[in-house]
Amino acid sequence: MIAGDISVSSPSPFSFYGQARLSASSSLLMGGPLSASPPYTHSAKLMRRLVVYSKRISGLEEAIRIRRERELRTSTTSKRRPPLRRGRVSPGFPVPDHIPRPPYVGTKLLPDIAKEHQVHDSEGLARMRAACELAARVVDYGGTLVRPSITTNEIDKAVHQMIIDAGAYPSPLGYGGFPKSVCTSVNECMCHGIPDSRQLQDGDIINIDVTVYLNGYHGDTSKTFLCGNVSNAMQRLVKVTEECMYKGIDACQDGALFRKIGKKISDHAQRFGFSVVDRFVGHGIGTVFHSEPLIYHHRNDKGGRMVEGQTFTIEPILTLGTTDCITWEDNWTTLTADGSPAAQFEHTILITKTGAEILTKYEEVMESAVDKL
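Residues numbered from 1 in each chain as written. Predicted model: local features only at pLDDT ≥ 70, side-chain atom pairs only at ≥ 80, totals over all residues. Heavy atoms only, no water.

1. Topic: the packing of aromatic side chains
Two aromatic rings, taken as a pair, are described by how far apart their centres are and by the angle between their planes. Considering all chains together, one arrives at five aromatic pairs under this definition. Between Tyr175 and Phe289 the ring centres are 5.1 Å apart and the planes differ by 65 degrees, which places this aromatic pair in the edge-to-face class. Residue Tyr175 is located in the loop between strand E3 (169–170) and strand E4 (183–186), and its partner Phe289 is located in the loop between strand E9 (282–284) and strand E10 (291–295); the two are separated by 114 residues in the primary sequence. Among the residues examined, Phe289 registers a relative accessible area of 8% and is labelled buried. (Phe/Tyr/Trp six-rings, centres within 6.5 Å; stacked < 30°, edge-to-face > 60°. Helix = DSSP H or I, 4+ residues; strand = E, 2+ residues; numbered from the N terminus. Buried < 20%, exposed > 50% of the residue type's maximum accessible area, 1.4 Å probe, protein only.)

Shown next as structure tokens:
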């Protein structure tokens, strides 16, 4: 993961949608004097000096802006949630000896991001598909456990058991000293939340980030789930974040520029007034947990093109407020600096000639009435 925060300035209370200005030189910017008639009256000269220029905005965009402001006022005053506090972190759960470990297990050093892009042959791709399908099933199972009063440690325990029952290793466990098998990021936690004794509360949102290591390959995915009665503002944040992920995926195909991903995501987020976190990135994945290419989710001018057969993650984080962040002393748990909620979604994808295939998914097998007889 890469650091590099971006500051977001607030619009002036005298601006229209953050773009309008009153300027004595506005007429020059508009291309010349208002009129060629001689001479001006005092009031006409004054009007000439007070020309307003602004960004054109549709009625729909203005309605969205007004609704967002109303929701923010509600969510940050009368319905303010108590800040997230760290609970008790218990030791990680054991993994049977017969399950193969990634090479970083056993050392607390954070591995370097591998420079090689990961492109797979047919055998490697088959193993990659299996790991990604398992990750997809595990994260959905974790989501079924989300309810008020359950602890994130209980979610970690259940997810850990499902992973080792499948003969896989939970990739986060022991990665750079990370103490648990899954990341659970609640409310204002952007990412890398460590499961602990804190109980989920009615109205929380929680991102569950699952990576499994199966037959020498990693599969990585995450989803943000609603806990009980979640506010409309937070529900919309979750919905738009998921949409942003899919917008980024839609930009992918053999030969496409990587920077198109960030543009698509940022365009969609901005339409709804949300901020895109630029500190954390997607990454290449396969036999190595984290490798090039790094996938930036915000607008950027990075070079590089996608290659058929390549696998990487797209995992945007959106917030209701600032993208500035703080990290707890555990060196993992990262929260929004202003306490505003954050949401994240992630898929591992495969680049194809004409698009992108989502690997972290599976098809439900419906049992037919004939099968039951």
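2. Here we look at helix H4 (residues 122–144)
Spanning 23 residues, H4 covers 34 Å between terminal C-alpha atoms, matching the ideal 33 Å at 1.5 Å per step. Packing partners of the buried residues in H4 comprise helix H5 (152–165), strand E6 (205–214), strand E7 (217–226), strand E11 (311–314) and strand E16 (347–351). The opening residue of H4, the one whose side-chain oxygen lies 3.3 Å from the backbone nitrogen of Glu123, is Asp121. (Expected span 1.5 Å × (residues − 1). Contact = heavy atoms within 4.5 Å. Polar contact = N/O pair within 3.5 Å; in protein donor to acceptor, adjacent residues only side chain to side chain.)

3. Comments concerning the pattern of salt bridges
Under the defined criterion, the tally for this structure stands at 11 salt bridges. Arg198 is the partner of Asp204 in a salt bridge, and the nearest nitrogen-oxygen pair spans 3.1 Å. A residue is classified by how much of its surface remains accessible, and Asp204, at 3% relative accessible area, is buried. Beyond isolated ion pairs, a larger network of salt bridges with shared partners links Lys263, Asp267 and Arg299. (Salt bridge = Lys/Arg side-chain N within 4 Å of Asp/Glu carboxyl O.)

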